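Coordinate inspection notes
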Amino acid sequence: PVGGMVLQRHGEKDYIVCALNKAAFRMGNWKTLRPENVVGRKLSELFDNLEASGLLAQYVEVLDSGQSRSLGRVPYGDSEVPDSVFAIDLHPLDASHLLIAYTNVTEEEHRRAEIEQRAEELAQVNGDLQRFNRLAVGREMRIIELKKQLNELCAELGREQPYKEANGIDRS
């Protein structure tokens, strides 16, 4: 589900919440706010980190440009919203109204980070196995070479060759 919130510009840097859907409320994981307490209030009263996070500046730029913008994955947290990651898209509706569409992707980000960490661990183990394989194969190749040399020396001395096959398969 995609959370949607419609904002109306209020002054130079603030916005009033005009509407929001249920998904917007659920995905925000708000600590104390309730949907009925949000509509009609200024964002600056509701979320105390919007300006410092740079999100308010993005809202202003989108409304001023009249062009929709995807902000991608944005980390955000404040006294009301637990530290989370949101995929945010901004859409100007007219010169003073903005639609914010967002999805809480925090769990997905945690899973992605865990997968990346596991991939790094597996790459390390794979590298270790490759080094071991090179050493083991090199050792086996050297043993085969030594068996061939021993067979050759025994043949020169007229003795029986101790290794019937010195090509890696020892059938003695």
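As the structure is a prediction and not an experimental result, all values here were calculated from the model. (Residues numbered from 1 in each chain as written. Predicted model: local features only at pLDDT ≥ 70, side-chain atom pairs only at ≥ 80, totals over all residues. Heavy atoms only, no water.)

**What about the overall build of the protein chain?**
We apply this condition: For helices the rule is a DSSP run of H or I covering at least 4 residues; for strands it is a run of E covering at least 2, with both sets numbered from the N terminus onward. Just to be clear, the radius of gyration here is over C-alpha atoms, and the globule rule we use is 2.2 Å times residues to the power 0.38. Relative accessibility decides the category of a residue: with a 1.4 Å probe and only protein chains considered, values under 20% of the type maximum give buried, values over 50% give exposed, and everything between is partly exposed.
In terms of helices and strands, the protein chain carries five helices and five strands. Traced from its N-terminal end to its C-terminal end, the protein chain shows the element sequence β-β-α-α-α-α-β-β-β-α. Over its C-alpha trace the protein chain gives a radius of gyration of 33 Å, far above what one expects of a compact globule, namely 16 Å for 172 residues. Taken along its principal axes, the extent of the C-alpha atoms in the protein chain is 105 × 35 × 25 Å. Classification of the 172 residues of the protein chain by burial places 30% in the buried group.

**Digging into the packing of aromatic side chains**
Working definition: an aromatic ring pair is given by the centre-to-centre distance plus the angle between the planes. In plain terms, the rule: Note on aromatic pairs: the rings of Phe, Tyr and Trp (six-membered ring only in Trp) are paired at centre separations within 6.5 Å, and the planes decide the class, stacked below 30 degrees, edge-to-face beyond 60, tilted for the rest.
Enumeration over the complete set of coordinates arrives at two aromatic pairs. Ring geometry for Tyr15 and Tyr59: centres 5.8 Å apart, planes at 80 degrees, overall edge-to-face. Highlighted residues: Tyr15 in strand β2 (residues 14-20) and Tyr59 in helix α4 (residues 55-65), separated in sequence by 44 residues. Accessibility expressed as a relative area gives 4% for Tyr59, which makes it buried.

**A look at the side chain of Asp78**
The criterion, for reference: Residues adjacent in sequence count toward polar contacts only when both atoms are side-chain atoms; beyond that, a polar contact is any pair of N or O atoms within 3.5 Å, and within protein one must be able to donate a hydrogen and the other to accept it.
Residue placement: Asp78 occurs in the loop between β3 (69-76) and β4 (84-92). What makes Asp78 buried here is its relative accessible area of 11%. Of note is the side chain of Asp78, whose polar atom sits 2.7 Å from the backbone nitrogen of Glu80. Within the local environment of Asp78, its side chain forms a polar contact with the backbone nitrogen of Val81, the two atoms lying 2.6 Å apart.

**Brief notes about the sheet that holds β4**
This is how the line gets drawn: DSSP calls a pair of strands paired once it identifies at least 2 bridges connecting them. Angular values range over 0 to 180 degrees, each being the angle between N-to-C directions of two axes fitted as lines to C-alpha atoms, with helices fitted over their stretch in contact. Whether two residues are in contact is decided by their heavy atoms: any pair within 4.5 Å suffices.
With antiparallel pairing, five strands are arranged side by side in an open sheet as β2-β1-β5-β4-β3. Here the strands that pair on one side only, and so sit at the sheet edges, are β2 and β3. Each neighbouring strand pair of the sheet contributes to a mean axis angle of 30 degrees, computed without reference to strand direction. The sheet contact formed by β4 and strand β5 (residues 97-104) spans seven bridges and is antiparallel. Pairing of Asp89 across the sheet is with Ala101, part of β5. In this fold α4 packs onto β1 (3-10), β2, β3, β4 and β5, with an angle of close to 170 degrees to the strand it touches most, β3.

**Quick notes on the pattern of salt bridges**
Basically, it comes down to this: What counts as a salt bridge is simple: a side-chain nitrogen of Lys or Arg found within 4 Å of a carboxyl oxygen of Asp or Glu.
Across all of its chains, the model carries 12 salt bridges by this definition. Arg118 is the salt-bridge partner of Glu121, the closest N and O atoms lying 3.3 Å from each other. In this pair, Glu121 and Arg118 both sit in helix α5 (residues 106-156), three residues apart, roughly one turn of the helix. Taking relative accessible area as the criterion, Glu121 reaches 36% and is therefore assigned partly exposed. Here Asp128 makes a salt bridge to Arg131, at a shortest N to O gap of 2.2 Å. Of this pair, Asp128 and Arg131 both sit in helix α5, three residues apart, which is roughly one turn of the helix. Of the residues examined, Arg131 reaches a relative accessible area of 40% and is grouped as partly exposed.

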